[in-house]
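# Working through the structure, step by step
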Amino acid sequence: QVQLVESGGGLVQAGGSLRLSCAASERTLSTLGWFRQARGKEREFVAAISRLGATTYNADFAEGRFTISRDNAKNMVYLQMSSLQSEDTAVYYCAHAPTAFPTGQSTSYNYWGRGTQVTVSS
């Protein structure tokens with residue numbers, strides 16, 4: 001079982017940047033992704049990256065603002081976020097999917113972290 005631990009969340013002003021990190025308990029050559037859930041809303045897909053990092057897939061709202069990357073030597077995946085807005089306020093979750101290619105379908109992900117809170121003040 002892969003354990004995932006997110007970090008890097010916090011309070012940031014609108015227009016600012018933040019980098020989230022996710023540490024996996026073991027080496028995993030599978031898709032890793034980020035999801036988020038705002039209060040009172042359903043969880044939504046943010047971005048995903050293929051096992052070797054060659055392919056990424058972003059939600060429309062993340063295009064041009066968020067960048068997902070991974071370092072397999074360190075068992076880490078990152079989410080660099082910029083131009084943050086109040087609507088980006090949410091708990092961000094790291095997740096693992098036993099697939100070769102990135103997917104935005106949450107049902108494809110079998111392991112999840114506990115999340116890290118991101119709050120954007122306007």
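Just above sits the structure.
Here's a quick rundown of the structure. Small disclaimer: the values here were computed from a predicted structure and weren't measured.

Glancing now at the pattern of salt bridges. For the structure on display, the rule yields three salt bridges. Between Asp88 and Arg36 there is a salt bridge, and its shortest N-O distance comes to 2.8 Å. Linking Asp88 in the loop between β8 (76–81) and β9 (90–97) with Arg36 in strand β4 (residues 31–37), this pair joins segments that are 52 residues apart in sequence. For Asp88, a relative accessible area of 1% corresponds to the buried category. Linking Arg65 and Asp88 is a salt bridge whose minimum nitrogen-to-oxygen distance equals 2.8 Å. In this pair, Arg65 sits in the loop between β6 (56–58) and β7 (66–71) while Asp88 sits in the loop between β8 and β9, placing the two residues 23 residues apart along the sequence.

The next point concerns the packing of aromatic side chains. As enumerated under the stated definition, the model contains six aromatic pairs in all. Pairing Phe35 with Phe45 gives two aromatic rings, centres 5.5 Å apart and planes at 70°, and the pair type is edge-to-face. Taken together, the positions of Phe35 in strand β4 and Phe45 in strand β5 (residues 44–49) put the pair 10 residues apart, joining distant regions of the chain. As far as the burial class goes, Phe35 and Phe45 line up, both buried. Ring pairing ties together the aromatic residues Phe35, Phe45, Tyr57, Tyr109 and Trp112, which thus form one cluster. Directly above the ring of Tyr78 sits Arg19, whose terminal nitrogen or CZ lies 4.2 Å from the centroid.

The next subject is the state of the cysteines. Applying the stated criterion across every chain, the model contains one disulfide. Covalently, Cys22 is tied to Cys94 through a disulfide, its sulfur atoms 2.2 Å apart. Its S-S torsion of about -80° marks the bond between Cys22 and Cys94 as left-handed, since a negative value means left-handed. With Cys22 in strand β3 (residues 18–24) and Cys94 in strand β9, this pair connects stretches of sequence that are 72 residues apart.

So, about the sheet that holds β3. The strands making up a sheet associate through hydrogen bonds between their backbones, and the pairing can be parallel or antiparallel. Within the open sheet, the four strands sit side by side as β1-β3-β8-β7. Their pairing is antiparallel. Bordering the open sheet on either side are β1 (4–7) and β7, each of which pairs with just one other strand. The mean angle between the axes of side-by-side strands here comes to 15°, regardless of whether they run parallel or antiparallel. Looking at chain direction, β7 and β8 are connected through six bridges and run antiparallel. Note that in β8 the partner of Ile68 across the bridge is Leu79.

Soluble globular proteins tend to pack their nonpolar side chains together in the buried interior. In terms of nonpolar packing, the biggest core is built from 24 residues, with Trp34, Leu79, Met81 and Tyr92 touching the most fellow members. For this core, the element with the most residues is β3, which contributes four residues. Among the nonpolar cores identified, the runner-up in size contains seven residues, and Phe45, Ala48, Ala59 and Tyr109 belong to it.

So, how was this worked out
- Residues numbered from 1 in each chain as written.
- Predicted model: local features only at pLDDT ≥ 70, side-chain atom pairs only at ≥ 80, totals over all residues.
- Heavy atoms only, no water.
- Salt bridge = Lys/Arg side-chain N within 4 Å of Asp/Glu carboxyl O.
- Helix = DSSP H or I, 4+ residues; strand = E, 2+ residues; numbered from the N terminus.
- Buried < 20%, exposed > 50% of the residue type's maximum accessible area, 1.4 Å probe, protein only.
- Phe/Tyr/Trp six-rings, centres within 6.5 Å; stacked < 30°, edge-to-face > 60°.
- Lys NZ or Arg CZ within 6 Å of the ring centre and 35° of its normal.
- Disulfide = S-S within 2.5 Å.
- Pairing = 2+ DSSP bridges.
- Axes fitted to C-alpha atoms, helices over the stretch in contact; angles between N-to-C directions.
- Core = buried A, V, L, I, M, F, W, Y, C linked by side-chain atoms within 4.5 Å.

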